[in-house]
Amino acid sequence: MLRAAFMKLFSLCWKPFGGDDGDGGREGREGLLWFRDIGRYASGEFSMAVIQANLVLEDQSQIESGPFGTFVGVYDGHGGPEAARYVCDHLFRRFREVSSEGRVVTPDIIRRAFQETEEGFTAFVSEQWTTRPQMATVGTCCLVGVISHRTLYVANLGDSRVVLGKKIGNTGGIAAIQLSTEHNANLEAVRRELMELHPNDPQIVVLKHGVWRVKGIIQVSRSIGDVYMKNSQYNREPINGKFRLSEPMNMPILSACPTILLHTLQSNDSFLIFASDGLWEHLTNEQAVDIVHNHPHAGSAKRLVKAALQEAARKREMRYSDLRRIDKKVRRHFHDDITVVVLFLNHDLMSKGLNQGPTVSIRSALEH
C-alpha cells in the first residue's frame with residue numbers, strides 16, 4: 001500500500017521532459033541540477049544526475065567504460081570538496097595502473113587502488129599543512145562498481161549505496177537488492193565493529209542529539225581523507241578545536257579499507273542504482289527501483305533526484321516548487337548534495353564476451 005501510494009504521488013508530481021537526443025543523450029542543467037539523461041557504455045545504457053545543496057558541491061562521480069569493462073565511482077565529500085575531487089582525479093587512474101590497464105580485476109587490486117589513493121591524498125594534506133591545515137579534516141565516502149567479464153565488483157567506504165533492480169521471473173515485477181555494505185555509526189553492526197577494534201575506548205561512539213558519531217564527531221567509520229582521525233600528527237592545532245581529540249590517538253580511528261562484494265550478473269539483473277546517501281535519506285531501495293523500472297530509461301537519474309527532492313519538500317510541509325527556489329548553502333538545511341548514476345544492463349552485449357559500446361569517460365560537473 002505504501003509503495004503504491006508513493007508511486008501515485010510521484011506520478012502526479014513528475015512532468016515528462018525531453019528524451020534521447022541521439023547516441024550521447026541530452027546533457028544539461030536546471031538551476032542547481034546537472035544531468036545526462038541517457039548515454040551508452042560498454043554493457044548498455046546509463047543515466048547520470050547531481051543536485052547541489054552545499055555552497056560548494058562536495059559530491060563527485062564518474063563513469064569510465066571501454067574494452068577493459070566499466071568503472072563507476074560516486075564520491076560523497078564532507079568538510080569540503082577537495083577529497084572527493086582528488087579521488088575522482090586519481091582512483092580510476094590508480095585502478096588502471098595496478099590492474100595492468102584493467103585486464104585483470106581482483107578484490108586485492110581494488111584494495112590497492114584505494115590504498116594508493118589514500119596515501120596520495122595524505123601526502124597532499126602533508127604538503128598543505130602549513131598553509132591549509134583544514135585539509136586534514138576533509139574526507140570523502142567512496143562507492144565504486146567495476147563490471148568485468150559478467151562479474152560486478154562493489155567496493156565501498158562510508159554510506160553511499162548501490163541497489164540492484166532484479167526482474168522477478170515473468171511476473172513483470174522487480175525486486176530491490178542492496179549490494180553494498182555501509183559504514184555509518186548509526187548502524188548497530190558498525191558500532192559493534194568500532195567497539196571491538198577499540199575495546200579500551202568507552203567514547204569510541206557517542207550518541208549526540210539522537211545521532212551516533214565516531215568520537216562524537218563524524219558519522220562514517222571509513223573514508224578516504226579525514227586524516228585527523230587516522231594520524232595523531234594532524235590531530236592538533238591549528239585545526240578547528242571541534243576536531244581535536246582530548247586523549248592521545250595510538251591507532252587510526254577511521255579506516256580506508258573498503259568492503260568488497262562480488263556479484264555474478266544474471267540475465268534477470270536489470271539495472272544498478274549507484275547513489276550518495278543524499279538520495280537514500282529520502283527514498284527507500286524499493287521506491288528507487290520502482291521509479292526506474294516504471295519509466296523510460298532516459299532521464300532515470302534525474303527522475304530519482306527529483307523524487308528525493310519532492311520527498312524532502314513533503315517532510316518540511318512545503319511545496320516542491322518552493323524548494324526549487326531555495327539557493328545553495330541554505331538548501332543544505334533541506335537536503336544534501338545528491339548524486340545518482342543508473343546503469344542499465346544489456347545482457348545481449350555482455351553474452352558476446354565483448355564490450356561493444358563506445359569508450360566513455362564522463363565526470364559530473366565540477367561546479368554549478
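Residues numbered from 1 in each chain as written. Predicted model: local features only at pLDDT ≥ 70, side-chain atom pairs only at ≥ 80, totals over all residues. Heavy atoms only, no water.

For the pair helix 2 (residues 82-98) and helix 3 (residues 107-128), interaxial distance at closest approach is 8 Å and the crossing angle is 135°. As far as their axial angle goes, helix 3 and helix 2 are oblique. Crossing geometry of helix 2 relative to helix 3 is assigned as right-handed. When helix 2 is examined against helix 3, the residues E82, A83, Y86, V87, H90, L91, R94, F95 and V98 are found in contact with a partner set consisting of I109, I110, R112, A113, F114, E116, T117, G120 and F121. Residues of the contact of helix 2 with helix 3, tallied by class, amount to 11 nonpolar, three polar and four charged. (Axes fitted to C-alpha atoms, helices over the stretch in contact; angles between N-to-C directions. Helix = DSSP H or I, 4+ residues; strand = E, 2+ residues; numbered from the N terminus. Parallel < 35°, antiparallel > 145°, perpendicular 65-115°, else oblique. Left-handed = near helix turned anticlockwise from the far one by under 90°. Contact = heavy atoms within 4.5 Å. Nonpolar A, V, L, I, M, F, W, Y, C, P; charged D, E, K, R; others polar.)

With 51 residues, the main nonpolar core has F71, Y75, F95, I110 and F114 as its most contacted residues. Mapped by element, the contributors of at least two residues to this core are strand 5 (69-78), helix 2, helix 3, strand 6 (139-148), strand 7 (151-157) and helix 4 (188-197). Examining the composition of this core, we find that nine residues originate from one element, helix 2, more than from any other. Other than its neighbours up to four places away in sequence, I110 contacts F95, V105, V146, Y153, A155 and I260. (Core = buried A, V, L, I, M, F, W, Y, C linked by side-chain atoms within 4.5 Å. Buried < 20%, exposed > 50% of the residue type's maximum accessible area, 1.4 Å probe, protein only.)

Right, let's get into the pattern of salt bridges. Throughout the structure, instances matching the rule amount to 18 salt bridges. For E118, the salt bridge is made with K230, and the minimal N-O distance between the two is 2.9 Å. Of this pair, E118 sits in helix 3 while K230 sits in the loop between strand 12 (224-225) and strand 13 (259-264); the two residues are 112 residues apart in sequence, bridging distant segments of the chain. Here the two residues E118 and K230 agree in accessibility, since each one is buried. The salt bridge involving E188 is made with R192; its shortest N-O contact spans 3.7 Å. (Salt bridge = Lys/Arg side-chain N within 4 Å of Asp/Glu carboxyl O.)

The next subject is the sheet that holds strand 1 (residues 27-30). Pairing is antiparallel in the open sheet, where seven strands are placed in the order 1-2-3-15-14-8-9. The strands lining the two open edges of the sheet, one partner per strand, are strand 1 and strand 9 (173-178). When the angles between neighbouring strand axes are averaged without regard to direction, this sheet yields 15°. Against the sheet, helix 6 (residues 285-293) contacts strand 8 (161-168), strand 9, strand 14 (269-275) and strand 15 (338-345), and its axis sits at roughly 135° relative to strand 9. This element, helix 7 (residues 300-315), spans strand 1, strand 2 (33-41), strand 3 (44-51), strand 14 and strand 15 of the sheet and lies at about 140° to strand 15. (Pairing = 2+ DSSP bridges.)

What is shown is where atoms sit, not what they do.
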